[in-house]
Amino acid sequence: MERFGFHSSFLALTLGLFFMIYLQYSTSCKDSGLQLFNYSNGPNGPSHWGDLNETWRLCKVGMNQSPINISSLEAINDDSLGRLRTNYSRNQPFLASLGPFNVALNFGPDAGGIMVNSTEYILNQYHTHIPSEHILNGTRFPLEIHLVHRTSDGSRIAVISLPYTYGKRDHIFEQVLDMISSLKEKGGTLGSSLNMTDLKISGKAYYRYSGSLTTPPCTEGVVWTVLKEPRTISPEQLSRYQIAFTENNARFTQELNGRPILYHG
Ligand SMILES: [Zn+2]
């Protein structure tokens, strides 16, 4: 009887996750119509995103856009930001989907999250950008991972940015690579689990600023937390990833327009 209970709740969870992915997918298709964006220099590239769809205007006229250049000399020390704290769940199930430029791991509502200014944001998605979108002290890194978090009502977004440089292998990214190879084809989805507590980013030094999503609709009001020290990935890991994703997917950096960049070390 207990086994039956476990299986049926697992089935419900799996179906629930698939439904969430379906909703996200169908919503994004509806929003974009036939005008899909890309990263080329052509008419659907980053310079024209704001013209492709009325709901994407902020990509063109927004004054608080991301990514940005971050200079540690210009960042303002702010102890009141507090220590970076995460409480991600162990062995968190996710569903992966392969878009044209990216793999996205979408987590369920029990994934845990972060506290920012006394507001709880729940981990919603793990995805990648090659090369990095943010530039730190003049350096563009080979990889940047975004951990997208949302408040429980979905209304507010906080993203943690993890820059990666070449060095030792990354344990979590290795699990993602294994998952990609079993997905086989783009557009596929697969459920599995990932131990996000292995990230161990609590207490790390970070930059904080107010920005936007780096893809259409370029929504603003996003709380950005960019880790100061890059993590490492082996060149072999990155080349395995690039077998699946041959195109780069980094938006060019945006004007600061007077926004402060805060720092907590
Ligand atoms: Zn991103």
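Scope of this entry: the structure provided in the associated data block. Quick caveat, the model's predicted, so the values are computed rather than measured.

**Some words on the overall build of the chain**
Summing up its helical and strand segments, the chain has five helices and 15 strands in all. Contacts in the chain between residues far apart in sequence, at least 24 positions, make up 67% of those at least 6 positions apart.

**Remarks on the sheet that holds strand E7 (residues 135-136)**
One open sheet holds the three strands; their spatial order is E1-E7-E8, and the pairing between them is mixed. Each end of this open sheet is capped by a strand with a single partner; those strands are strand E1 (69-70) and strand E8 (139-140). Summarising the sheet, E7 and E8 pair through two bridges and their orientation is antiparallel. The residue bridging isoleucine 135 from the neighbouring strand is arginine 140, located in E8.

**Quick look at helix H4 (residues 171-183)**
Between its terminal C-alpha atoms H4 stretches 19 Å, which fits the 18 Å expected from 13 residues at 1.5 Å a residue. Residues of H4 that are buried include every one of Phe173, Val176 and Ile180, and no others. Along the long axis of H4, the arc covered by the buried residues comes to 55°, so they all point the same way. The exposed residues of H4 that point more than 90 degrees off its buried face are His171, Asp178, Ser181 and Ser182. Buried residues in H4 make contact with strand E4 (103-107), strand E14 (231-233) and helix H5 (235-244).

**Digging into the environment of threonine 253**
As for its placement among the helices and strands, threonine 253 is situated in the loop between H5 and strand E15 (262-264). Aside from chain neighbours lying at most four places away, what touches threonine 253 is Pro67, Ile68, Asn69 and Ile135.

**So, unusual backbone geometry**
Cis rather than trans, the peptide bond between isoleucine 130 and proline 131 has omega equal to -10°. Position of proline 131 among the secondary structure elements: in the loop between strand E6 (119-129) and E7. Residues proline 216 and proline 217 are joined by a peptide bond in cis, for which omega reads 10°. Mapped onto the secondary structure, proline 217 falls in the loop between strand E12 (206-212) and strand E13 (220-227). The backbone of serine 118 sits at a positive phi, close to 65°, despite the residue not being glycine. Looking at where serine 118 falls in the secondary structure, it is placed in the loop between strand E5 (113-116) and E6. Taking the number of C-beta atoms within 10 Å as the measure of exposure, serine 118 has 6 and is therefore exposed. Phi is positive for asparagine 257, close to 55°, though the residue is something other than glycine. Mapped onto the elements of the fold, asparagine 257 is located in the loop between H5 and E15.

**A look at the pairing of E6**
A regular strand carries its side chains on alternate faces of the sheet. Two elements, E4 and E6, share three bridges in a ladder whose sense is antiparallel. Its bridge partner lying in E6, asparagine 106 is registered against glutamine 125. Bridge count between E5 and E6: four bridges; the pairing is antiparallel. Among the inter-strand pairings, isoleucine 114 is bridged to a residue of E6, identified as tyrosine 121. Where E5 hands over to E6, the hairpin turn is made up of two residues, of which asparagine 117 adopts a positive phi near 50°. Pairing of E6 with strand E9 (residues 143-150) involves seven bridges; the strand directions are antiparallel. Its bridge partner being in E9, isoleucine 122 is matched across the sheet by arginine 150.

**Quick notes on the nonpolar core**
If you look at the biggest cluster of nonpolar residues, it comprises 53 residues, and the most contacted ones within it are Val103, Leu105, Val159 and Tyr207. For this core, the element with the most residues is strand E10 (residues 157-166), which contributes six residues. If sequence neighbours within four positions are ignored, valine 159 has contacts with His146, Leu147, Val148, His149, Val222 and Trp224.

**Points about the packing of H4 against H5**
For the pair H4 and H5, interaxial distance at closest approach is 10 Å and the crossing angle is 30°. The angle between H4 and H5 places the two elements in the roughly parallel class. As H4 packs across H5, the resulting crossing turns out to be left-handed. Across from Phe173, Glu174, Leu177 and Ile180 in H4, the residues of H5 making contact are Gln237, Arg240, Tyr241 and Ala244. Taken together, the residues of the contact of H4 with H5 break down into five nonpolar, one polar and two charged.

Reading the values: the criteria
Residues numbered from 1 in each chain as written. Predicted model: local features only at pLDDT ≥ 70, side-chain atom pairs only at ≥ 80, totals over all residues. Helix = DSSP H or I, 4+ residues; strand = E, 2+ residues; numbered from the N terminus. Contact = placed C-beta atoms within 7 Å. Pairing = 2+ DSSP bridges. Expected span 1.5 Å × (residues − 1). Buried ≥ 20, exposed ≤ 12 C-beta atoms within 10 Å, placed from the backbone. Arc of directions from axis to C-beta. Core = buried A, V, L, I, M, F, W, Y, C linked by C-beta atoms within 7 Å. Axes fitted to C-alpha atoms, helices over the stretch in contact; angles between N-to-C directions. Parallel < 35°, antiparallel > 145°, perpendicular 65-115°, else oblique. Left-handed = near helix turned anticlockwise from the far one by under 90°. Nonpolar A, V, L, I, M, F, W, Y, C, P; charged D, E, K, R; others polar.

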